[in-house]
Every structure is written in structure tokens, then in C-alpha cells.
Amino acid sequence: MAADLETRKLNVAEAAPLREPSFFLFSDTQVSFRYQFPAAEPGVQIQRADGGFRNRDIPKYITNISHADAWVYGTNFFSLDILKSTSQDPAGTTNAPGGFAQYDNGATEAYGLYRGTLSLNALTGTKAFTVPGLVKDVSLAFGFDANTKNTAFGPKKRDVVGGLTFSVDVPAGFLNISAHAYKEWNRNGFNIGGDRDVSFDTVPEFEIVYNFPITFFPNVPLSLAGFNNIVMPKGKGIRDAFNYPGGYYPGTGVEFLSRTNLVLDVGKMIWNQPNKLDAFVGFQYWLNKFGNVERTTFKGTEEKSFLAGIAFHIF
């Protein structure tokens, strides 16, 4: 646009036409591939020689497509993971002839989420929600998660969140802290009665998302990116005192999920083309996965895994 204006000033006969400004202030769509090991799944376990149980280590191959954008009044973020487990986490069903069945191939899970914000500063046309040196902006926050997986348990997680996001005033990169109300519905395929679909309590949920450039190494474009999620105990889900007397069905615990990636902008380092190709390594920790609490005979609720992958910024 600046070039067009300058051309007009110089009265060049055939100036290039002005382009319409983009609706988005920022937009990035990525496709990434990562390997994660060892992942864990609640109830997927092996029995030790001493009779106790431990997690069964599960390698996973994960394809992700994600999109992030910013516009005048807020932001949008969408992510879809396709997680392919190896045979240590077998596919299965409880709807086969005769009931329960497990297969030789690994399970496949699809997990999608959306998060959106609406800036209170932008909506009010003021800086009333800015605290210099502490908070850049406060936004209305909303979103949802949804998953499905072809195991015998057959989860179908659905949740909605709503609350506030605080954009912290940091010198470089970004740091967003959100406080939400969280409501989840899910499915337990092992319940053979009419209560396979379960509804959990509405509880507080907190999210921290960040991305910081690392400048310790000149000419090496590194960044530290990640997130932390905390979901408070959301109840038992099943409220059937007749079938589950005396607290037989265990309650949920505080769920904590953290992932941190060290990201190298390969395109910028090799071809001087930033935001085209990234390589990353990282670590993921998940306590009380999906709210499940570890018990003597029930493992797979705590995950400590490494990951590595590449990401292509396609547009």
C-alpha cells in the first residue's frame, strides 16, 4: 500500500491499484507431525512380576493442523490432533457380538479444540483494561473441546469453557492467562446400562499459554512455546446411587497438563525465510489424565513423555 501511495505522489501514469486491507491482523495455519513416547492412557497397564501394576508405555504418531489469527476485536485458535497409537493401546469396542472386543491394531483418537477471545479494550474503545507493565488487555474468553477414540472405553469428550483471558505485558513474545468455568460431558463404554453418557460438574479451569524468543545464541532463531491447563475435580459424572453405592465409582482429581517445546525456525536459519518450517523437541506431563485418579489396580493416569517433530506453516 505504501508503494502505491508513493507512486501516486510521483504521478506515475500506471500506478498499481490499492489492495483491500486484510481482515486479519495476523494469521497462521500449520500442519505438524510429531512422535511422542512414552504416552500413557488411563487403565492401559501391565502387571509386574510382584503382582502390582504399572503404566503400559505407548508410542504415538500425531498429525496436527492448527490455525491462529487476530482481528480488530479479538483472536481465534483452532487445533485438531489425530493421534495414532501403536498396538500397546489397542483399538476395541463394547458393541461387538458378545460384547467386549479388542483388536491387534492400535487405536486412533481425534481431539479438537477451539479458543476465542474478544478484547474488552477494543469493544469499549478505551484502555480501561490495561495496567501498564502488568496487563496489556483483558478479554472475554470462550471455547470448546471434543474428542473421540475407537477403544472399548469409547470416549466422546465434549466440553465448553467461558471466562476471562489476561494478556500479560511481557517485553517479547506473549503470555496469556485464562480463568474459565468448565463443563464436560463424556462417554464410558464399559457401562452396559443407560448411563454410558455422563455429565460432570461445572468447575473452575485455568490455562496458561506462552511463546518467548530465546536470544542466548546469536543467529539461532529459537523460541520456547507451550501451555499449562488445570481442571479442578469435576465430580463422579455418574449419579446413580443404586448402581454405584458408597462411592463405588471413583471421583475425579485435579487434572494438570503441561507441554513445553523448544522450537527452531529452520526456514529462517537456513533460507532466511522465517515462519515457514520449524523443528521442535519437547516434554509433556499429564497428571490425573482426563481427571482419572491412580489407584492400586488402576494405572496410566500419569504421563511423562518426550516428543519431537516438524511443523510447516502453509499460509
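Residues numbered from 1 in each chain as written. Predicted model: local features only at pLDDT ≥ 70, side-chain atom pairs only at ≥ 80, totals over all residues. Heavy atoms only, no water.

Looking at the overall build of the chain
Assigned secondary structure in the chain consists of three helices and 17 strands. Relative to its full complement of 315 residues, the chain shows a buried share of 41%. The long-range share in the chain, meaning contacts at least 24 apart out of those at least 6 apart in sequence, stands at 60%. Looking at the chain as shown, the accessible area adds up to about 17500 Å², and 63% of this sits on carbon and sulfur atoms. (Helix = DSSP H or I, 4+ residues; strand = E, 2+ residues; numbered from the N terminus. Buried < 20%, exposed > 50% of the residue type's maximum accessible area, 1.4 Å probe, protein only. Contact = heavy atoms within 4.5 Å. Areas by Shrake-Rupley, 256 points an atom, 1.4 Å probe, with all protein chains shown as cover.)

A look at the environment of Phe-200
Its place among the elements puts Phe-200 in the loop between strand S12 (197-199) and strand S13 (203-214). Each C-alpha atom, one on Phe-200 and one on Glu-184, is 5.5 Å from the other, the two residues being 16 residues apart in sequence. Beyond its immediate stretch of four places on either side in the chain, Phe-200 contacts Lys-183, Glu-184, Asn-186, Lys-234, Gly-235, Lys-236, Gly-237 and Thr-252.

Quick word on the environment of Asn-191
Looking at the secondary structure, you find Asn-191 in the loop between strand S11 (174-187) and S12. A residue is classified by how much of its surface remains accessible, and Asn-191, at 7% relative accessible area, is buried. Taking the C-alpha atoms as reference points, Asn-191 and Thr-94, separated by 97 residues in sequence, lie 9.3 Å from one another.

What to know about the nonpolar core
Ile-62, Leu-83, Tyr-111, Leu-257, Trp-286 and Phe-290 together form the largest nonpolar core, which totals six residues. Beyond its immediate sequence surroundings of up to four residues, Leu-83 is in contact with Lys-60, Tyr-61, Ile-62, Ala-107, Thr-108, Glu-109 and Tyr-111. Formed by five residues, the second largest nonpolar core is a distinct cluster that contains Val-263, Phe-280, Leu-307 and Ala-311. (Core = buried A, V, L, I, M, F, W, Y, C linked by side-chain atoms within 4.5 Å.)

So, the pairing of strand S16 (residues 277-287)
Note that strand S15 (residues 255-265) and S16 share 10 bridges and pair antiparallel. Bridge pairing links Phe-256 to Leu-287 in S16. Note that S16 and strand S17 (residues 303-313) share 10 bridges and pair antiparallel. Each residue of the ladder has a partner; that of Phe-283, found in S17, is Phe-306. (Pairing = 2+ DSSP bridges.)

Section: the packing of aromatic side chains
Taken as a whole, this structure holds 11 aromatic pairs when the rule is applied. Both rings, one in Trp-71 and one in Tyr-73, keep their centres 5.6 Å apart while their planes meet at 70°; by these two values the pair is edge-to-face. Since its relative accessible area comes to 36%, Tyr-73 is described here as partly exposed. For the pair Tyr-114 and Phe-142, a centre-to-centre distance of 6.3 Å together with 40° between the ring planes defines the contact as tilted. Remark: Phe-142 occurs in strand S9 (residues 135-149) and Tyr-114 occurs in strand S8 (residues 108-119); sequence separation between them is 28 residues. Lying over the aromatic face of Phe-200, Lys-234 brings its terminal NZ or CZ to 5.1 Å of the ring centre. Positioned over the ring face of Phe-298 is Arg-295, at 4.6 Å from the centre of the ring. (Phe/Tyr/Trp six-rings, centres within 6.5 Å; stacked < 30°, edge-to-face > 60°. Lys NZ or Arg CZ within 6 Å of the ring centre and 35° of its normal.)

Overview of unusual backbone geometry
Cis geometry is found at the peptide bond from Phe-37 to Pro-38, where omega equals -10°. Inspection of the secondary structure puts Pro-38 in strand S1 (residues 26-39). The backbone of Asn-219 sits at a positive phi, close to 70°, despite the residue not being glycine. For Asn-219, the location among the structural elements is in the loop between S13 and strand S14 (222-231). The class for Asn-219 is exposed, based on a relative accessible area of 75%. One non-glycine residue, Asn-275, adopts positive backbone phi at about 60°. Position of Asn-275 among the secondary structure elements: in the loop between helix H3 (266-271) and S16.

Things to note about the confidence of the model for the chain
Looking at the chain, the pLDDT average stands at 89 and 87% of residues meet or exceed 70. Contacts of residues 1-16 to residues separated by more than four positions or lying in other chains number nine contacts, the stretch itself having pLDDT below 50. (pLDDT = per-residue confidence, 0-100.)

Quick look at the pattern of salt bridges
The final tally for this structure, using the stated rule, is 13 salt bridges. With a shortest N-O distance of 2.9 Å, Glu-207 and Arg-115 are connected by a salt bridge. With Glu-207 in strand S13 and Arg-115 in strand S8, this pair connects stretches of sequence that are 92 residues apart. Accessibility assignment for this pair places Glu-207 and Arg-115 in one class, buried. Each of Glu-41, Lys-60, Asp-89, Lys-149, Lys-289 and Glu-303 takes part in one network of salt bridges that share partners. (Salt bridge = Lys/Arg side-chain N within 4 Å of Asp/Glu carboxyl O.)

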